[in-house]
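Breakdown of the fold
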Amino acid sequence: MIIERDHLFSESQFRSRQLSLLNSDHPQFHFLGVIKMKALILVGGFGTRLRPLTLSVPKPLVDFANKPMILHQIEALKAIGVTEVVLAINYQPEVMLNFLKEFEKKLGIKITCSQETEPLGTAGPLALARDKLIDGSDEPFFVLNSDVISEYPLNEMISFHKGHGGEASIMVTKVDEPSKYGVVVMEETTGRVERFVEKPKTFVGNKINAGIYLLNPSVLDRIELRPTSIEKEVFPNIAAANKLYAMVLPGFWMDIGQPKDYITGLRFYLDSLRKRSSAELASGSHFIGNVLVDESAVIGDGCLIGPDVAIGPGCVIESGVRLSRCSIMRGVRIKKHACVSNSIIGWHSTVGRWARLENMTILGEDVHLGDEVYSNGGVVLPHKEIKSSILKPEIVM
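As the structure is a prediction and not an experimental result, all values here were calculated from the model.

Focus on the nonpolar core
Phe64, Ile70, Leu77, Val82, Leu87, Phe142 and Tyr262 are the most contacted members of the largest nonpolar core, which totals 62 residues. Those residues within four positions of phenylalanine 142 in sequence are excluded, and the remaining contacts are Met37, Lys38, Ala39, Leu40, Leu77, Ile80, Val82, Leu154, Met157, Ile158, Tyr213 and Leu214. One finds Val309, Ile311, Ile328 and Val351 within the second-largest nonpolar core, a separate group that totals 30 residues.

Put into structure tokens, the structure is as follows:
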């Protein structure tokens, strides 16, 4: 909501009003009259699908495109004027908050935790955080699943929500195989949600819940403080009252909570970055397609890197290395003539000379793979030294 000088105030009234807003903590205003908004991110539990990376840090702090997953969401929320983010979490809240303190200061956004003592599903955490989300302004608040990566068209979602006048808005995305998901059946012209169909056997639509919501505070009155599902219990009730609307997500979307989807999501993200801010991507004879390289990384002669690669801070890529469709996290060293594809290399690991890693190999933190070792889909737990080849997908304890 922007104050319109020409329509509402005289020149002197307008300037006086703006100065008072800048110096106030009125819940409806932020800087030049923009509504202060809040958001809740559903962080969840143990992140078992992304092990061994989540044995070192909580899942939202796993690097994606050279920054913690959750930071992509917090930055997007900050960019549209959200002033406070609540993390709904039941696992290692101290680790999360300590890590995010520096970003809280850097971004100028308040980050707090709402800790569950028992898993509360996807709706219970909203009831638990009720006092943190309601401030008397009656403004809607965002809810996001922490695994979701997209271009976060949050301003467009605010406009959509204000336009339909319902109680809740959900973002939906189109998929090729809707039978794998819960499908959102909606009225195409208005976006009003009619019903939800779980894993339909016959075609009823191709739009699924994208895990990004904008909810009026009244939605909290529908949620009891108990383990409950927002998708299966709360939203169907709001839809039955004709107060739930769905907006089709423009651009890419991916739930990056498991390795295969993480790598696919990296491809989508880098492709989007190429369109939005291509100067952030690496260029030169070493690189093919979209590659993101931290400025502190060192890359040797004769390397061929790309497409769809992220190389984190402090990495050393020695001469003659080949990288494609992979994530190389902070402090990794890839030695001469190694080849890494379709893999994730965890923090401070080492890949030996002439080693070859492929087929969704994942090295946890501080893993050291010997020279000439081959890994075909090996998943290696942190702090291991691997001297012999892993010939078929398996977990190395």
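Further notes follow.
Focus: the packing of aromatic side chains
Within the structure shown, the criterion is met by four aromatic pairs. Measuring from centroid to centroid gives 5.3 Å for phenylalanine 64 and tyrosine 262, while their planes differ by 90°, and the two rings are edge-to-face. Residue phenylalanine 64 is located in strand S2 (residues 63–64), and its partner tyrosine 262 is located in helix H9 (residues 259–277); the two are separated by 198 residues in the primary sequence. A relative accessible area of 1% places tyrosine 262 in the buried class. Taking 4.8 Å as the distance between ring centres and 80° as the angle between the ring planes, the aromatic pair formed by tyrosine 213 and phenylalanine 235 counts as edge-to-face. Taken as a pair, tyrosine 213 in strand S11 (residues 207–215) and phenylalanine 235 in helix H8 (residues 230–240) lie far apart in primary sequence, 22 residues in all. What makes phenylalanine 235 buried here is its relative accessible area of 0%. Chaining the aromatic ring pairs together yields one cluster made of Phe64, Tyr262 and Tyr269. The ring of tyrosine 269 carries the charged tip of arginine 276 above its face, separated from the ring centre by 6.0 Å.

Brief notes about the packing of helix H3 (residues 69–79) against helix H4 (residues 93–107)
Their axes nearest at 12 Å, the elements H3 and H4 cross at an angle of 30°. Relative to H4, the element H3 is oriented roughly parallel. Remark: the crossing between H3 and H4 carries right-handed chirality. Touching Ile70, Leu71, Ile74, Glu75 and Lys78 of H3 are Met96, Leu100, Phe103 and Leu107, all from H4. Its residues assigned to classes, the contact of H3 with H4 comprises seven nonpolar, no polar and two charged.

Observations regarding the sheet that holds strand S18 (residues 316–317)
Here six strands make up an open sheet; going across it, the order is S15-S18-S20-S22-S25-S28 and the pairing parallel. Edge strands, defined here as strands with exactly one partner in the open sheet, are strand S15 (298–299) and strand S28 (385–386). Two elements, S15 and S18, share two bridges in a ladder whose sense is parallel. Within S18, the position partnered with isoleucine 299 by the bridge is isoleucine 317.

Details of the confidence of the model for the chain
Summary statistics for the chain give a mean pLDDT of 85 and a share of 90% for residues scoring 70 or more. Across residues 1–34, where pLDDT falls below 50, the model places 42 contacts with residues more than four positions away in sequence or in other chains.

Some points on the environment of asparagine 209
With respect to the helices and strands, asparagine 209 occurs in strand S11. Considering only alpha carbons, one finds asparagine 209 and valine 172, 37 residues apart in sequence, at a separation of 4.7 Å. Leaving out residues up to four positions away in the same chain, asparagine 209 has contacts with Met171, Val172, Gly182, Val184, Glu231, Phe235 and Trp253. Polar side-chain contacts of asparagine 209 include one of 2.7 Å to the backbone nitrogen of glycine 211. Here tyrosine 213 takes part through its side chain, which lies 3.0 Å from a polar atom of the side chain of asparagine 209.

Quick notes on the rules
Residues numbered from 1 in each chain as written. Predicted model: local features only at pLDDT ≥ 70, side-chain atom pairs only at ≥ 80, totals over all residues. Heavy atoms only, no water. Core = buried A, V, L, I, M, F, W, Y, C linked by side-chain atoms within 4.5 Å. Buried < 20%, exposed > 50% of the residue type's maximum accessible area, 1.4 Å probe, protein only. Contact = heavy atoms within 4.5 Å. Phe/Tyr/Trp six-rings, centres within 6.5 Å; stacked < 30°, edge-to-face > 60°. Helix = DSSP H or I, 4+ residues; strand = E, 2+ residues; numbered from the N terminus. Lys NZ or Arg CZ within 6 Å of the ring centre and 35° of its normal. Axes fitted to C-alpha atoms, helices over the stretch in contact; angles between N-to-C directions. Parallel < 35°, antiparallel > 145°, perpendicular 65-115°, else oblique. Left-handed = near helix turned anticlockwise from the far one by under 90°. Nonpolar A, V, L, I, M, F, W, Y, C, P; charged D, E, K, R; others polar. Pairing = 2+ DSSP bridges. pLDDT = per-residue confidence, 0-100. Polar contact = N/O pair within 3.5 Å; in protein donor to acceptor, adjacent residues only side chain to side chain.

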